[in-house]
Each structure stands twice: as C-alpha cells, then as structure tokens.
Amino acid sequence: MQNQTDQPAAVQQPRFIEVLFEENNVISSVLNAIEKESINVFDGEDMEIDFWSSAATFLEKFAQNCHHKKEEAVLIPALLERGLAADNSVIVGTRADHKDGIVRLHKLRELLTTGNPRSIAQAGGSYAFVFREHLQRENMGLYPIAQETLSNLNGNKMLKSFQAIEREAFGTDGRDSLIRLGKMLCQKARIDFYGMKSLLPSGGGCGEGCSC
Ligand SMILES: [Fe+2]
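Thresholds, definitions, all that
- Residues numbered from 1 in each chain as written.
- Predicted model: local features only at pLDDT ≥ 70, side-chain atom pairs only at ≥ 80, totals over all residues.
- Helix = DSSP H or I, 4+ residues; strand = E, 2+ residues; numbered from the N terminus.
- Expected span 1.5 Å × (residues − 1).
- Buried ≥ 20, exposed ≤ 12 C-beta atoms within 10 Å, placed from the backbone.
- Contact = placed C-beta atoms within 7 Å.
- Bend = angle between axes of the 7 residues up to and from the residue.
- Axes fitted to C-alpha atoms, helices over the stretch in contact; angles between N-to-C directions.
- Parallel < 35°, antiparallel > 145°, perpendicular 65-115°, else oblique.
- Left-handed = near helix turned anticlockwise from the far one by under 90°.
- Nonpolar A, V, L, I, M, F, W, Y, C, P; charged D, E, K, R; others polar.

J.: What am I meant to see in helix H3 (residues 89-114) here?
T.: Helical periodicity: at 3.6 residues per turn, an α-helix aligns residues three or four positions apart in one direction. Over its 26 residues, H3 runs 37 Å from end to end, which matches the ideal 38 Å to within 8%, given 1.5 Å per residue. Of all the residues in H3, the buried ones are Ile 91, Thr 94, Leu 108 and Leu 111. Those residues of H3 hidden inside the fold are in contact with helix H2 (49-81) and helix H4 (117-149).

What follows is the structure, encoded as structure tokens:
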C-alpha cells in the first residue's frame, strides 16, 4: 500500500499540472482506503455498505466525471494540438485506462445492489489495484510530457477549463464536498489523506497576467 503517488521533484510546474498531481494524490488516498476496507472484509469483518456506496460515488464524481474528464477534454486535446501523436503510447494507455475504469465502476455499482460482501470487496480492491498503477503512469508519463509540451500555454485558460468541468460535474460548491467525502472515507479506514489547494489561487478569478 502506498501513501502518495510519485511526483518528479524540484521542477517548476504550471498550476494546472500541479492540480492534476494533487487530484491524483486525493484519489490515491481514497484507493488506499478502499484497498484497506477490502482486505478487512476478506479478513472476516462486517462490511459497512455506506462506505462502499460513498466510495463508488467519490470515484464516479471526482475521479471519472471530473479528474479524468480534465485529462480527456482539456489536457490531451492540448497535447494533440501541439503535435503529440494520437497513437503515442501514453495517450493510448491513458484513454484505455479511463475506459476500463468506467466498466469497473459500473460493475461495482451493480454488485452494490446484487452482490455479496466478498464480491463487492473484490471489485473495489481490484479497482484500487489497477487504478493505482494508472495514477503512477500519469505521474511518471503523461504529466511530465504535458509539462514539457505545454510550458508556454496560458495556464489560466487551462484552469478555467478545469473549473468549467468541475461546475458541470458537481456544481459550484460540489468540489469541496467531494474532497470532504474523500477525507471521510480515509478517516473511516484510518488511512492518511492527502488534500489539495484551491483550483484558482484567487478563489475563482484569474491570477496576474491573465489574458482570458
Ligand atoms: Fe487519469
């Protein structure tokens, strides 16, 4: 079990890439909580179904509808516009992982209605296992490529696009409540939680030098 996803150190990152790293840390914390609860079920503890339905909600809203969408709808198109090939293995792998995540989450949702505790714990535990590798691949592959390729980009425009995705995914105040949900899941499982800073330093407006 890992505490925090790897992040290349000592390089000045644009804030929009830092946001993606931070979100991966939030997701990674929740994956650790899911993995621990999964092990507990296989060790014979009673399943707290509320934990599992809240975990599925977090994964769907924060990971799938928000974080992955920022990569799919904003980051990857920006990389392709700047010449990265659509068949680059990092792009192909990221998109394939996201599709796999949708299938796995759908299965978990289904089992929450029809499955037994061990099948739910199995589905949740394997999601955590597979997606931890996905986060590592992004941290060590996709984001460093983005940092190099998009260094001259207007970062505030990227952040504004991220913010629009968040509003669509969970409304104006939903982001904070989703992060609180992630923290609560970690507290329940007694796992360290890695939070994140605000999306925009000025709390919604653009920072200095903004041209959007
Ligand atoms: Fe992703």
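Past the structure itself, the notes keep going.
J.: I'm lost on H4 in this one. Help?
T.: Between its first and last C-alpha, H4 extends 45 Å over 33 residues, near the 48 Å set by a 1.5 Å rise per residue. Along H4, the sharpest kink reaches roughly 40°, centred on Glu 138.

J.: Sorry, what's going on with the environment of Arg 190 here?
T.: Residue position: Arg 190 is located in the segment after helix H6 (174-189). Remark: the alpha-carbon pair of Arg 190 and Lys 36, spanning 154 residues in sequence, is separated by 8.8 Å.

J.: For this particular structure, what's the right way to read the packing of H2 against H3?
T.: The relative placement of two packed helices comes down to the angle between their axes together with the axis-to-axis distance. Closest axis-to-axis distance for the H2/H3 pair is 11 Å, and the angle between their directions is 160°. When the interaxial angle is binned, H2 and H3 end up roughly antiparallel. As H2 packs across H3, the resulting crossing turns out to be left-handed. Across the interface between the two elements, Trp 52, Ser 53, Ala 56, Leu 59, Glu 60, Gln 64, His 68, Glu 71, Glu 72 and Ile 76 of H2 pack against Ile 91, Thr 94, His 98, Gly 101, Ile 102, Leu 105, Leu 108, Arg 109 and Leu 112 of H3. Here the contact of H2 with H3 is composed, by residue class, of nine nonpolar, six polar and four charged.

In short, the description is geometric, and any link to function would need to be established separately.
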